Amino acid sequence: VSDVAALQSCLAGEHAAFYAYGVLAAVINDRAHGSRADLRATDDYVAHRRRRDALIDQVTALGATPVAAQPLYELPFPVTTVSSAARLARLVERRLAATYAAAVGDSVAAVRALAAAGLTDAAVAAVSWGATPTAFPGTTGR
Amino acid sequence: VQAPTFPRRRLLALAAGVSVVSLTGCGESSRTGPSPTPPPASPDVALVDEVLLDERRLLALVDRTMLLRPATTDRLRLARHIVAAHVDWLDGIRVRGRRVRPPSVDVAVPPGRGAALAGVADACRLAASTRRRQCVRAGAGSLAQMLASMSASHAVLAVELAGP
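Procedures and definitions
- Residues numbered from 1 in each chain as written.
- Chains lettered and ligands numbered in written order.
- Predicted model: local features only at pLDDT ≥ 70, side-chain atom pairs only at ≥ 80, totals over all residues.
- Heavy atoms only, no water.
- Helix = DSSP H or I, 4+ residues; strand = E, 2+ residues; numbered from the N terminus.
- Buried < 20%, exposed > 50% of the residue type's maximum accessible area, 1.4 Å probe, protein only.
- Polar contact = N/O pair within 3.5 Å; in protein donor to acceptor, adjacent residues only side chain to side chain.
- Core = buried A, V, L, I, M, F, W, Y, C linked by side-chain atoms within 4.5 Å.
- Axes fitted to C-alpha atoms, helices over the stretch in contact; angles between N-to-C directions.
- Parallel < 35°, antiparallel > 145°, perpendicular 65-115°, else oblique.
- Left-handed = near helix turned anticlockwise from the far one by under 90°.
- Contact = heavy atoms within 4.5 Å.
- Nonpolar A, V, L, I, M, F, W, Y, C, P; charged D, E, K, R; others polar.
- Salt bridge = Lys/Arg side-chain N within 4 Å of Asp/Glu carboxyl O.

A. Representation of the environment of T42 of chain A in the model. Residues and elements named next belong to chain A. With respect to the secondary-structure elements, T42 resides in helix α2 (residues 36-61). Take T42: its relative accessible area is 41%, and that puts it in the partly exposed class. When the C-alpha atoms of T42 and A54 are compared, they prove to be 18 Å apart, with twelve residues separating the residues in sequence. Side-chain polar atoms of T42 contact the backbone oxygen of D38, separated by 2.9 Å.

See below:
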């Protein structure tokens, strides 16, 4: 797997994460406006948008066409409460951690460093949404 | 903490092209006896040694902090479990007979629960950045993946221990 393929896979993950955060942040904002969860969701939404845009730039710089977002993503369960929104955030971050971990294994040098940073961010975010810390985030529960 | 389902002992053997040997013999073959000049370590094997030593140091620091500052035990229990899982995994993929000697840790644990926890949090933060650099150095993608994962778990611990 090339660096470009590893980046594309991370980008596809970030597209999905950005969509999911759009949904969950809206639910939390509606149900718990101004709460810590609300601020957290907004911060993470912005962070994922920034990371997605950075990945698009990276892929483009390597001469490839960045993968596009899907028009719609199927949510794994209804997101109607703060609790279910937090559950979705945990799920998204766990899956992103697995995606970035795989990208670390499939890349070298600067792209590997970028993927490792993404893995750390996803692991920290998952715990901030209530996930239990694990010894090997991204390598289990994919 | 669930250890990953990974081809543990095979990992470095496949990556570095060396054969898997038993750890119980500490490098000595029953037929050949001790080897006077061990073969040069592949970069990944040397890297695993380096990481293992570092994780053992961190584990020793956590243990010492829990021993000298019992009030930190509740907060450090998870950290201990996670770092011990790292050590166990690294022990499992050691492919040469020579064991990495457990370090003798002579660190000062600051007085007071908060300062002691902050000391471990700092050590986790340092381990996170060190593991990140080591992951870029690793030759095998599978080893790099696990080092990046360890880096992420240390970063999580640093955040958790730094909190109230």
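The structure having been displayed, the exposition proceeds.
B. A look at the nonpolar core. L24 and W129 of chain A together with W89, L90, L143, L147 and L161 of chain B are the most contacted members of the largest nonpolar core, which totals 78 residues. With twelve residues, the top contributor of residues to this core is helix α3 (residues 82-105) of chain A.

C. Inspection of the packing of helix α2 (residues 43-68) of chain B against helix α3 (residues 73-93) of chain B at higher detail. Residue and element names in this part refer to chain B. At a minimum axis separation of 9 Å, α2 and α3 run at an interaxial angle of 155°. Considered as vectors, α2 and α3 are oriented roughly antiparallel to each other. Here the hand of the crossing between α2 and α3 comes out left-handed. Here α2 contributes V48, V51, L52, E55, R56, L58, L59, V62, D63, T65 and M66 to the contact with α3, which in turn contributes T73, L76, R77, R80, V83, A84, H86, V87, L90, D91 and I93. In terms of residue class, the contact of α2 with α3 is built from 13 nonpolar, three polar and six charged.

D. Highlighting unusual backbone geometry. Residues and elements named next belong to chain A. Even without being glycine, A109 reaches a positive phi, approximately 50°. Looking at the secondary structure, you find A109 in helix α4 (residues 109-128). Residue classification places A109 among the partly exposed positions, given a relative accessible area of 43%.

E. How the structure looks around the environment of V136 of chain B. Along the chain, the position of V136 of chain B falls in helix α4 (residues 113-137). For the pair formed by V136 of chain B and A162 of chain B, sequence separation is 26 residues and the distance between their alpha carbons is 27 Å. Those residues in contact with V136 of chain B, other than ones at most four positions away along the chain, are A109, R112 and A113 of chain A.

F. Region of interest: the pattern of salt bridges. All names here are of chain B. Evaluated as defined, the whole model comprises eleven salt bridges over all chains. Of the charged contacts, one joins E55 and R131 as a salt bridge, the two residues approaching to 3.0 Å between their closest N and O atoms. Placement of E55 in helix α2 and of R131 in helix α4 is noted, with a sequence separation of 76 residues between them. By relative accessible area, E55 is classed as buried at 0%. Put simply, R56 and D91 hold a salt bridge, and the shortest N to O gap is 3.0 Å. One end of the pair, R56, is in helix α2; the other, D91, is in helix α3, with 35 residues separating them in the sequence.

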